[in-house]
Amino acid sequence: MSAPVANLTFPEGAKIKNVSFPTGLFINGQYVTGEGNKTIDTVNPATGKTIASVSEASAKDVDIAVDAAQKAYDTVWGERVPGHERGRLLMKLADLFDEHADILASIESLDNGKAFSFARGFDVPEAAACLRYYGGWADKDHGKVIEVNDSKLAFTRHEPIGVVGQIIPWNFPILMFAWKLGPALATGNTIVIKVAETTPLSAFYATQLIAKVFPPGVVNVITGYGNITGAAISSHMKIEKVAFTGSTLVGRTIMKAAATSNLKTVTLELGGKSPNIIFDDADLEQAAGWATFGLFFNHGQCCCAGSRVYVQEGVYDKFLEILQAKVKAIKVGSPFAADTFQGPQTSQLQYDRIMAHVQSGKEEGAKILMGGERHGTEGFFIQPTVFTDVKPDMRIVKEEIFGPVVVISKFKDEDDIIVQANNTLYGLAAATFSKDISRALRVAKRLQAGTVWVNCYNQLHSQVPFGGFKQSGIGRELGEYALANYTNVKAVHVNLSAPAPL
């Protein structure tokens, strides 16, 4: 049986009319069917209709991919390729992402549901920028000489780990793909990466670009279900490191599997319930605009979404008035319409989870200021939803909803807001809005979060690390910090003149 092929036709308004590409498992530079010839259907969330099928990977397929990655590491990659050459290849892949940006963005919007304007204006360019950034690091991540005494030379080496496993989510498919590939390839590792089974298409298209740049086996791209394919990666005895982005619940499972197998290194970028703090001296027009963007960007499907907005008592009513107008102006509709800001949620499952949280908010007594219902009659669209009169013990305040739902609360002063903001299991991100920069920075210091934005929200850059405190994860994505996730540090002691002790 030959590997499946996606034949996509894009709706009216799209820049691309149609595209075809293979969707078999990409292992050792070839497209192959999975064991048992099983496939997984992927759905257009704007219509709920199937648009393509992809090969499903079994545990045996993971074994095959790992063997291919190990062979590539031993023969054509790793320290056999100097850093400047690894960097050149990463930059070449970045250039190909730019050249194919319209196609990649169109696939992303069709498969994921996000507005094409964001897929083309943010996701794909930032994916290319990430690859290019780590291309620049490939020959600059090195050890150092350490002074000990005159009789010894001591130095460290940063060495690649070898075969690494990576598992990425469905909310930013092509961007998370690049976030994972960049630092791992720059440091000389080979990869087995599982892309989300609900949104695999942009990564599979990108494998054609990867095949033009990297030797077979360096990057192996598969998909499948978490309890089969993901479990096989996280427990594999020949994978020495696993990186995962997704929910805290699944992150715990992966960490447990890593511990009970070969004690592989783990990095986790997990969930959040991020506080967005509006002080009474903030520019309310700006703060409301950023708060709207901070939650409703990517349809609320952001791990760092500002889903808990806290407003100081004196400006609460005025802020709500401005926020309500901005949320009301959000255009919900086809991802390919030029004025669409919010498309559909990515899947029926995610739609159902979000609506269950909305229902719980209603049942627990929160007030719906706006939204709270389905949008339209087709696809997985949800109205932008704002809750007020919420209490700290409500599910919509405590749990990550991962959708277009925000809760608004009041606070009295700095001490009060620090208690409320830090009252969460998570610690991924936070923001504070104030014209008093000293206060903003003072509060930022006290917030238990890996990223704190001041007078802005959802600003991410390849150069700046991203990751969480508490149950929002372990380790950092992006920046120089991410390189440490993919290297082993070796200390070398060279005796210059010391005599043997015996």
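Below or above, wherever it landed, is the structure these notes cover. Not measured: the values here are computed from a predicted model.

Packing of helix 13 (residues 414-421) against helix 14 (residues 437-446) leaves a shortest axis separation of 10 Å and a crossing angle of 35°. As for how helix 13 packs across helix 14, the hand of that crossing is right-handed. Taken together, the residues of helix 14 that come into contact with helix 13 (itself represented by Glu414, Asp415 and Ile418) are Arg439, Arg442, Val443 and Arg446. Residue classes in the contact of helix 13 with helix 14 are distributed as two nonpolar, no polar and five charged.

With that settled, the discussion passes to the packing of aromatic side chains. Applying the stated criterion to the full structure yields 16 aromatic pairs. Seen in terms of ring centroids, Phe26 and Tyr31 are 5.2 Å apart; in terms of plane orientation they differ by 45°. Their pairing is tilted. Relative accessible area serves as the criterion here: at 2%, Phe26 is assigned to the buried category. Consider the rings of Phe118 and Phe341, whose centres lie 5.2 Å apart with planes at 85°: the pair is edge-to-face. With Phe118 in helix 4 (residues 116-137) and Phe341 in the loop between helix 10 (316-328) and helix 11 (348-363), this residue pair connects regions lying 223 residues apart in the sequence. In this structure, Phe118 and Phe341 share a single accessibility class: buried.

On to the environment of Ile408, then. The residue Ile408 is located in strand 18 (residues 405-411) in this model. Of the residues examined, Ile408 reaches a relative accessible area of 1% and is grouped as buried. Along the backbone, Ile408 and Asn276 are 132 residues apart, and their C-alpha atoms lie at a distance of 9.5 Å. Those residues in contact with Ile408, other than ones at most four positions away along the chain, are Val309, Val311, Tyr316, Leu320, Leu323, Val386, Phe387, Thr388, Asp389 and Val390.

We now examine the sheet that holds strand 8 (residues 152-160). Read from one edge of the open sheet, three strands run 7-8-22, paired in antiparallel fashion. Two strands in the sheet have a free side with no partner beyond their single neighbour: strand 7 (145-146) and strand 22 (487-495). Taken together, the nine bridges between strand 8 and strand 22 define a ladder with antiparallel strand orientation. The residue of strand 22 that forms the bridge with Pro160 is Thr487.

In this fold, Leu460 is placed in the loop between strand 20 (451-454) and strand 21 (473-474). Remark: the alpha-carbon pair of Leu460 and Leu153, spanning 307 residues in sequence, is separated by 41 Å.

Looking now at the pattern of salt bridges. According to the stated counting rule, one finds 21 salt bridges in the structure shown. Residue Asp415 pairs with Arg446 through a salt bridge whose shortest N-O separation is 3.2 Å. With Asp415 in helix 13 and Arg446 in helix 14, the pair connects residues that are 31 residues apart, well separated along the chain. In the salt-bridge network here, residues are joined through shared partners; they are Glu79, Arg157, Glu159 and Lys490.

Quick look at the side chain of Arg439 now. Structurally, Arg439 can be placed in helix 14. In this view, Arg439 contacts Phe279, Asp280, Asp281, Gln312, Glu414 and Ser434; residues no more than four positions away in its chain are not counted.

With burial as the criterion, each face of strand 17 (residues 385-388) is covered, one bearing Thr385 and Phe387 and the other bearing Val386 and Thr388. Sheet analysis places strand 16 (residues 367-370) next to strand 17, joined by three bridges and oriented antiparallel. Bridge pairing in strand 17 places Lys367 opposite Thr388. Judged from the three bridges that link them, strand 17 and strand 18 form a sheet pairing that is parallel. Looking at strand 18, one finds that Thr385 is bridged to Val405.

Here we come to a nonpolar patch on the surface. Judged by side-chain polarity, Val145, Leu153 and Leu496 come together as a nonpolar surface patch covering roughly 280 Å² of accessible area. With respect to the helices and strands, Leu153 occurs in strand 8. Leu153 sits in the partly exposed class, given a relative accessible area of 33%.

Between its first and last C-alpha atoms helix 3 (residues 101-112) spans 16 Å; for 12 residues at 1.5 Å apiece the expected length is 16 Å, and the two agree. Most of helix 3 sits inside the fold, with 11 of its 12 residues counted as buried. Where helix 3 ends, the next residue or the one after it, Gly113, has phi of about 100°, a positive value.

The seven strands are arranged 16-17-18-15-14-19-20 in an open sheet whose pairing can be described as mixed. Of all strands in the sheet, those bounded by a partner on one side alone are strand 16 and strand 20. When the angles between neighbouring strand axes are averaged without regard to direction, this sheet yields 25°. Across three bridges, strand 14 (residues 275-278) lies against strand 19 (residues 429-433) in parallel orientation. Looking at the pairing, Asn276 lines up with Ala431 of strand 19.

Moving on: the pairing of strand 12 (residues 241-245). Among the five residues of strand 12, five are classified as buried, and the element is accordingly described as predominantly covered. Residues Lys241, Ala243 and Thr245 point to one face of strand 12 and Val242 and Phe244 to the other, with burial holding for every one of them. One ladder, built from four bridges, connects strand 9 (residues 163-167) with strand 12; its direction is parallel. Each residue of the ladder has a partner; that of Gly165, found in strand 12, is Val242. Two elements, strand 12 and strand 13 (residues 265-269), share five bridges in a ladder whose sense is parallel. Its bridge partner lying in strand 13, Val242 is registered against Val266. On the question of chirality, the crossover connecting strand 12 to the parallel strand 13 by way of helix 8 (residues 248-260) is right-handed.

Conventions used here
- Residues numbered from 1 in each chain as written.
- Predicted model: local features only at pLDDT ≥ 70, side-chain atom pairs only at ≥ 80, totals over all residues.
- Heavy atoms only, no water.
- Axes fitted to C-alpha atoms, helices over the stretch in contact; angles between N-to-C directions.
- Helix = DSSP H or I, 4+ residues; strand = E, 2+ residues; numbered from the N terminus.
- Left-handed = near helix turned anticlockwise from the far one by under 90°.
- Contact = heavy atoms within 4.5 Å.
- Nonpolar A, V, L, I, M, F, W, Y, C, P; charged D, E, K, R; others polar.
- Phe/Tyr/Trp six-rings, centres within 6.5 Å; stacked < 30°, edge-to-face > 60°.
- Buried < 20%, exposed > 50% of the residue type's maximum accessible area, 1.4 Å probe, protein only.
- Pairing = 2+ DSSP bridges.
- Salt bridge = Lys/Arg side-chain N within 4 Å of Asp/Glu carboxyl O.
- Patch = residues over 30% accessible without salt bridge, like charges linked within 9 Å, V, L, I, M, F, W, Y side chains within 5 Å.
- Areas by Shrake-Rupley, 256 points an atom, 1.4 Å probe, with all protein chains shown as cover.
- Expected span 1.5 Å × (residues − 1).
- Right-handed = clockwise from strand over helix to strand, strands pointing away.

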